[in-house]
Amino acid sequence: MSATFAEKVLAKRSQEKKVVPGQIVTVKPDHLLMHDNAAPITAKITAELDKYGVVNPELPIIVLDHVIPAADEKTATNHKKIRDFVKKFDITNFFDIGCGICHQVVVEKGLSLPGQIVLGSDSHTCSYGAVGCFATGIDRTEAAALLLTGETWLKVPESIKVNLKGQLNPPVSAKDLILHIIGDMGADGANYCSVEYHGDVKALSIDDRFVMSNMGVEMGAKTAAFKVDRITANYLRSAGIDRTAYESVWADKKAKYLMEKEYDLSRIEPVVAFPHKVDNVKSIGEAKGISVDQCLIGTCTNGRLSDLEAAAIILKGRQVHPDTRLLVLPASRTIYEQAARKGIIKTFLDSGAVVLPSGCGPCLGAHQGVLAPGEKCISTANRNFKGRMGCKDAEIYLGSPATVAASALTGEISDPREVGQ
Amino acid sequence: MKVWKYGNDVNTDMLFPGKYCYTAGTIDEIKEHLLEDLDPSFAKDAAEGDIIFAGSNFGCGSSREQPVLGLKAFGIKAVVAESFARIFYRAAINQGLVLIENRDAVRAYTGSEKVSLDLDSGELFVGEKKFTFPPLPPEIKAIAEAGGLLEYTKHKLKEKKE
């Protein structure tokens, strides 16, 4: 009996011979991700934690990234509570401020592996599909329950097969491709579904795959995964994970899908998601000339080395336009260091950009780059919801690192193919 | 009983702005900012027993449970939508907030019909039109009946360990 990626992982992990969409199974995830929300999560179960303890100190991964360094007394207290919890229960996988954005840290540290199940109290947990991991977001209460029991239920999802053909033409990037797909499928086009990327995926680097998997939730997907291939294995090896450490899982050729879609990568052009919905995607031509007060390169979607490189190529030897400002957030300390060694950070600084610590800050409107009423921002983030960057009367446009860099030079949304190098 | 009506893709930032996620912790603080950027009148006027009607993809976006906690704290009897985003759906189960996915019911409501809802019989009336909704699967129902996932978990742990 042929099965999809999701069916195979969930069958294996629930000790069932086979499972079908709609079936509810009980699973024990390999890891549970939390970030700054670990404080409110553990506060829900203080008495139970004292009584029963954490089910397994290796289960949780805690990364402080959302408001780092602390912006005020409340967020500082929040971080302090988390550090106390980590010490008290000997939590193995704790990453304090500066290590990076949780989703980048999890993969860099080899904590999400092919064939595993990782649940996280953050919607972009689906990012780990890039390395063939079944990963999805849950709420805080469920994270609290998992800390105590180590198990939960999952409904076996229907699956959508996305066939990718050909290659992207740089500076067109994976961000343009996924925005194009979300624009086509709609913000709920993959709701409750497991999305599988098939076809010419070898043309996509691991960084590209993270962008694609990360944004799966923006079309409602439960998980968005790639097959494990040599690119994945090489990446994991560079993170210190040997091929014997995991057992990859992938869909059978004759698996049944709710829907199949096909995209020709060679025909994808730079695109921009207009306010206030991620699926409000238009061609760069329609966006050109819109003035922007702020430009942001970073986040769990596009803060990786190749993203910073793509932006630096455009910015090198040139200046950010005086009517705008450019913020850069490398996704992790490792990436920050690599970018520094390659001279990329210097290129940003020379161009007039503000380089911020590796964290989430402005993306969720917490601090370090909140917008004012009437302002417009172009960002490499994954969401442009009204109020997302801290102000409901501001507008957020989403684009690729190259598009944001090009826009920073001109002060208005620009086609990276025209601003050139 | 008031009916609140909203459109498609009501996201978690509209339901509860991200900027308050790490500052507003108490249920009163959550209620104060609930739906702030979508409908400022909601936090002022919502009351026990009210029902929300919404379009498709209600609750899309972050894994933010404050919207569910807030709606539950206001005593919202049910959210009836054409469809829900999955993390929101899961969070609602975990708090025992009633969600009803029914496109026809949402489209039948134009703003003036009398609405009544009987959770026990699984019947929703919009004007003269009757809509039925299926019961929850047993695994999920057990969580709802325990008063939410935390109560369910605490009970299970107690049984297991004592």
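Caption draft 1: Quick look at the nonpolar core. Formed by 191 residues in total, the largest nonpolar core has its most connected members in Ala 311 and Ala 405 of chain A together with Val 79 and Val 80 of chain B. By residue number, the principal contributor to this core is helix α7 (residues 174–185) of chain A, which donates seven residues. Those residues in contact with Ala 311 of chain A that sit more than four places away from it in its chain are Ile 297, Pro 401, Ala 402, Val 404 and Ala 405 of chain A.

Caption draft 2: Geometry of the sheet that holds strand β9 (residues 194–199) of chain A. All names here are of chain A. Ordered by their spatial adjacency, four strands build an open sheet running β10-β9-β8-β11, and the pairing between neighbours is parallel. Either end of the sheet is taken by a strand with one partner, and the two such strands are β10 (223–226) and β11 (259–264). Direction aside, the axes of adjacent strands within the sheet are offset by 25° on average. The pairing of strand β8 (residues 159–165) with β9 spans six bridges and is classified as parallel. The residue of β9 that forms the bridge with Asn 163 is His 198.

Caption draft 3: Just the pairing of strand β2 (residues 31–34) of chain A, in detail. Residue and element names in this part refer to chain A. With burial as the criterion, each face of β2 is covered, one bearing His 31 and Leu 33 and the other bearing Leu 32 and Met 34. Of the pairings in the sheet, the one linking β2 to strand β5 (residues 117–120) comprises three bridges and is parallel in character. Its bridge partner lying in β5, His 31 is registered against Val 118. For β2 and strand β3 (residues 60–63), the ladder comprises three bridges, and the chain directions are parallel. For Leu 32, the partnering residue across the bridge sits in β3 and is Pro 60.

Caption draft 4: Geometry of the interface of chain A and chain B. With 42 residues of chain A at the contact, the number on the chain B side is 34 residues. At the level of secondary structure, the elements contributing two or more residues to the side of chain A that touches chain B comprise α3 (46–52), α4 (73–88) and α6 (140–149) of chain A. With seven residues, the top contributor of residues to the side of chain A that touches chain B is α6 of chain A. Its residues assigned to classes, the side of chain A that touches chain B shows 14 nonpolar, 13 polar and 15 charged.

Caption draft 5: Structural view of the packing of α6 of chain A against helix α8 (residues 149–161) of chain B. Contact geometry of α6 of chain A with α8 of chain B gives a least axis separation of 9 Å together with a crossing angle of 10°. Judged by the angle between their axes, α6 of chain A and α8 of chain B are roughly parallel. Note on element contacts: α8 of chain B touches α6 of chain A through Leu 149, Leu 150, Thr 153 and Leu 157 of chain B, opposite Thr 141, Glu 142, Ala 144, Ala 145, Leu 148 and Thr 149 of chain A. Here the contact of α6 of chain A with α8 of chain B is composed, by residue class, of six nonpolar, three polar and one charged.

Caption draft 6: Quick peek at the packing of α7 of chain A against helix α8 (residues 206–214) of chain A. All names here are of chain A. Close contact between α7 and α8 brings their axes to 9 Å; oriented N to C, the two are set at 25°. Regarding the angle of α7 to α8, the classification is roughly parallel. The element α7 and its partner α8 pack so that their crossing is right-handed. Where α7 approaches α8, its residues Ala 174, Lys 175 and Ile 178 are matched on the opposing element by Asp 208, Val 211 and Met 212.

Caption draft 7: Structural view of the domain arrangement of chain A. All names here are of chain A. When its domains are assigned, chain A resolves into domain 1 (5–263) and domain 2 (271–419). Placing the centre of domain 1 and that of domain 2 at their C-alpha centroids yields a distance of 24 Å. Taken together, the 32 residues of domain 1 in the interface contact 34 residues of domain 2. Mapped onto the side of domain 1 that touches domain 2, the elements with two or more residues apiece are α5 (102–108), α7 and α8.

Caption draft 8: Structural view of α4 of chain A. All names here are of chain A. For α4, built from 16 residues, the straight-helix expectation of 22 Å at 1.5 Å per residue is met to within 8% by its first-to-last C-alpha distance of 22 Å. The set of residues buried in α4 consists of Thr 75, Asn 78, His 79, Ile 82, Phe 85 and Val 86. Angularly, the buried residues of α4 cover 120° about the axis, an arc narrow enough to put them on a single face. Those residues of α4 that are exposed and angled more than 90 degrees off the buried face are Glu 73, Thr 77, Lys 80, Asp 84 and Lys 87. Asp 90 sits one or two residues past α4 and shows a positive phi near 50°.

Caption draft 9: Expanded view of unusual backbone geometry. Residue and element names in this part refer to chain A. Residue Ile 68 is joined to Pro 69 through a cis peptide bond whose omega torsion reads -20°. Among the secondary structure elements, Pro 69 is positioned in the loop between β3 and α4. Pro 170 connects to Pro 171 through a cis peptide bond whose omega is 5°. Residue placement: Pro 171 occurs in the loop between β8 and α7. The backbone of Gln 15 sits at a positive phi, close to 55°, despite the residue not being glycine.

Caption draft 10: Geometry of the confidence of the model for chain B. Residues and elements named next belong to chain B. Within chain B, residue pLDDT values average 93, and 99% of them lie at 70 or more. Mean pLDDT across the elements of chain B bottoms out in helix α7 (residues 138–145) (86) and peaks in strand β2 (residues 51–54) (98). Our summary of model confidence lists the complex with pTM equal to 0.95 and ipTM equal to 0.90.

Caption draft 11: Looking closely at the sheet that holds strand β7 (residues 129–132) of chain B. All names here are of chain B. Here three strands make up an open sheet; going across it, the order is β5-β6-β7 and the pairing antiparallel. Since the sheet does not close on itself, it has two edges, and those belong to β5 (115–118) and β7, each with one partner. Ignoring strand direction, the axes of neighbouring strands in this sheet form an average angle of 15°. Strand direction decides the pairing type here: β5 and strand β6 (residues 123–126), joined by four bridges, are antiparallel. When the bridges of β6 are listed, Ser 116 appears paired with Phe 125.

Caption draft 12: Expanded view of helix α5 (residues 86–95) of chain B. All names here are of chain B. With respect to burial, α5 is a largely interior element, 10 of its 10 residues being buried. Three or more residues of α5 are buried, namely Arg 86, Ile 87, Phe 88, Tyr 89, Arg 90, Ala 91, Ala 92, Ile 93, Asn 94 and Gln 95. Looking one or two residues past α5, Gly 96 carries a phi angle of roughly 75°, positive in sign.

Caption draft 13: Summary view of the pairing of strand β14 (residues 294–297) of chain A. Residues and elements named next belong to chain A. Covered by surrounding structure in β14 are Gln 294 and Leu 296 together with Cys 295 and Ile 297, the residues of both alternating faces. Pairing geometry for β14 and strand β15 (residues 325–328), over four bridges, is parallel. The partner of Ile 297 across the bridge, within β15, is Val 328. Strand direction decides the pairing type here: β14 and strand β17 (residues 376–379), joined by three bridges, are parallel. What sits directly across from Gln 294, in β17, is Cys 377.

Thresholds applied
Residues numbered from 1 in each chain as written. Chains lettered and ligands numbered in written order. Predicted model: local features only at pLDDT ≥ 70, side-chain atom pairs only at ≥ 80, totals over all residues. Core = buried A, V, L, I, M, F, W, Y, C linked by C-beta atoms within 7 Å. Buried ≥ 20, exposed ≤ 12 C-beta atoms within 10 Å, placed from the backbone. Helix = DSSP H or I, 4+ residues; strand = E, 2+ residues; numbered from the N terminus. Contact = placed C-beta atoms within 7 Å. Pairing = 2+ DSSP bridges. Axes fitted to C-alpha atoms, helices over the stretch in contact; angles between N-to-C directions. Nonpolar A, V, L, I, M, F, W, Y, C, P; charged D, E, K, R; others polar. Parallel < 35°, antiparallel > 145°, perpendicular 65-115°, else oblique. Left-handed = near helix turned anticlockwise from the far one by under 90°. Domains from an automatic or database assignment. Expected span 1.5 Å × (residues − 1). Arc of directions from axis to C-beta. pLDDT = per-residue confidence, 0-100.

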